[in-house]
Amino acid sequence: MRICMIGYTNYHRDGRIRREAESLVRRGIQVDFIGIREPREAFFRVIEGVRVFNLPIKKYRGNNPILYIESYTRFLIESALFAFTMHFARQYSLVQVHTMPDFISLAGLPLKALGIPLIIDVHDTVPELYMSGFKIPSNHPIIQLLKLQEKLGISISNAGIVVHKPHLNLLRSRGIKKDLTIVMNLPDERIFGKPSKPGNQKKIIYHGTVLKRLGVDLLIKSAPKVLQKHPDAKFYIYGGGEWLPYCKKLCNQMGLQDHFYFSGKLAPIHTVPSLIQDAWLEVIPTRKDPATEYMLPGKLLECILMRIPVIAPRTIAITSYFPEDSLYFCNTEDPEELANTINYVLSHFDEAKQKAEQTYKSFFSKYSWKKEQERYYSLIKKWAKSPPYYPPSK
């Protein structure tokens, strides 16, 4: 069996795509992934058995929605043509497209026209992301258009995948009745399964994309009060993004440059455990908005698997899975409250480690990537077209 995956992302940087693709390879299924290239990256590579094709398209990271659409459309056209051409040599059994955007499923239409089943994996809620990013209300014509493309992208697929229960409920509330399966975005136990070992330094971390809505600047603003009580604490920001220059500038303006470390870029998923394994605490300082309410951060789940204490906001997605006593919840948009919560965790670290261990046992006794990949594989097996017969070579 051969599967074609398409996503407007880089394979190295997307843990969800890697987990799904590599879980199929371990079952003897061949996977081709078509994505976008990073600077100085080869067009073709084989990574953990997955054949990765990087199209020469730069991912747009800005504030102009027209340029977003232009970049998306170029990728859609080029990936559709590439997948269609590759099919005649590879004879795919199924094509799986990964959002954003939802209309990226159009890239799989040429193969669907040949009878190849099409599955859409909906990673994010695009209308809410645009409401958040461009500060526009839910009744704005652009948001209505995005809801339409969401519905179209899912409706033209044979089946869909969503990331958690609140995500499924949101799509159902918009009248989407397509067969949708929850495959949670859980960390791979083979990568993140080793428990953390906190070092002597009070290491406070944030790892992941640095965007305004994700609130790294709020963590910086909380730092002076933390350092008053814990002068030996240090903050490590492992990640990159459009908000990073502002955060570094803010850090310097506040005279905190000796207390913060910025890696400057996102780390490949398999290197993350080595960066965070000695952390005392992960802070998720998210600003609550229509998009972040439905985000169940991968960094949160990775830290829980590694038994690292976590401070988090009370969002719809997070509180759907984690009760009040499982994390250190606070209003992360208030730097003073955030600082008080950080100080409490650092001052009661034995309690924090015990809570992290209990949360790990409670959550991962119900949910795990091992279980999710079984559900994912069942869906693939259900829809995959029977492979063509290849006569034995003489």
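Residues numbered from 1 in each chain as written. Predicted model: local features only at pLDDT ≥ 70, side-chain atom pairs only at ≥ 80, totals over all residues. Heavy atoms only, no water.

## Comments concerning the nonpolar core
It is characteristic of soluble globular proteins that their nonpolar side chains tend to be buried jointly.
Then, in step 1: Formed by 53 residues in total, the largest nonpolar core has its most connected members in Met 5, Leu 24, Leu 296, Leu 300, Phe 322, Leu 327 and Phe 363.
Then, in step 2: Counting residues in hydrophobic clusters, the runner-up holds 39 residues, among them Leu 76, Ile 154, Val 162 and Leu 168. (Core = buried A, V, L, I, M, F, W, Y, C linked by side-chain atoms within 4.5 Å. Buried < 20%, exposed > 50% of the residue type's maximum accessible area, 1.4 Å probe, protein only.)

## So, the packing of aromatic side chains
Then, in step 1: Under the defined criterion, the tally for this structure stands at 23 aromatic pairs.
Then, in step 2: Ring geometry for Tyr 11 against Phe 33: centres 5.5 Å apart, planes inclined by 50°, an arrangement best described as tilted. With Tyr 11 in the loop between strand E1 (2-7) and helix H1 (15-25) and Phe 33 in strand E2 (residues 30-36), this residue pair connects regions lying 22 residues apart in the sequence.
Then, in step 3: Since its relative accessible area comes to 1%, Tyr 11 is described here as buried.
Then, in step 4: A relative accessible area of 0% places Phe 33 in the buried class.
Then, in step 5: Measuring from centroid to centroid gives 5.4 Å for Tyr 321 and Tyr 367, while their planes differ by 75°, and the two rings are edge-to-face. Within this pair, whereas Tyr 321 is found in helix H12 (residues 316-321), its partner Tyr 367 is found in the loop between helix H14 (349-364) and helix H15 (369-383), the two being separated by 46 residues in sequence.
Then, in step 6: Look at Tyr 321 and you get buried, because its relative accessible area is 10%.
Then, in step 7: The structure contains a cluster of three or more aromatic residues connected by ring pairs, namely Tyr 321, Phe 322, Tyr 360, Phe 363, Phe 364 and Tyr 367. (Phe/Tyr/Trp six-rings, centres within 6.5 Å; stacked < 30°, edge-to-face > 60°. Helix = DSSP H or I, 4+ residues; strand = E, 2+ residues; numbered from the N terminus.)

## Remarks on the pattern of salt bridges
Then, in step 1: Throughout the structure, instances matching the rule amount to 20 salt bridges.
Then, in step 2: For Arg 13, the salt bridge goes to Glu 38, with nearest N and O atoms at 3.1 Å. On the criterion of sequence distance, the pair formed by Arg 13 in the loop between E1 and H1 and Glu 38 in the loop between E2 and strand E3 (44-47) is long-range, its members being 25 residues apart.
Then, in step 3: The partly exposed category is assigned to Arg 13, whose relative accessible area is 31%.
Then, in step 4: Residues joined in a network through salt bridges with shared partners are Arg 16, Glu 20 and Asp 121. (Salt bridge = Lys/Arg side-chain N within 4 Å of Asp/Glu carboxyl O.)

## Re the sheet that holds strand E11 (residues 260-262)
Then, in step 1: If you trace the six strands from one edge of the open sheet to the other, you get E11-E10-E9-E12-E13-E14, paired in parallel fashion. Of all strands in the sheet, those with a lone pairing partner are E11 and strand E14 (328-329), marking the two edges.
Then, in step 2: Relative to strand E12 (residues 281-283), strand E9 (residues 202-207) is paired through two bridges, and the arrangement is parallel. Looking at the pairing, Ile 204 lines up with Leu 281 of E12. (Pairing = 2+ DSSP bridges.)

## Details of the pairing of E3
Then, in step 1: Here four bridges tie E3 to strand E4 (residues 50-55), and the two strands are oriented antiparallel to one another. By the bridge assignment for E4, Phe 44 is matched with Phe 53.
Then, in step 2: Linking E3 to E4, which pair antiparallel, is a turn of two residues; within it Glu 48 sits at a positive phi near 50°.

## Here we look at unusual backbone geometry
Then, in step 1: In this model, Thr 99 is joined to Met 100 through a cis peptide bond whose omega is 10°.
Then, in step 2: For Met 100, the position within the fold is in the loop between strand E5 (94-98) and helix H3 (109-113).
Then, in step 3: With a phi angle near 55°, Gln 91 is a residue other than glycine that sits in the positive phi range.
Then, in step 4: By the element assignment, Gln 91 lies in the loop between helix H2 (65-90) and E5.

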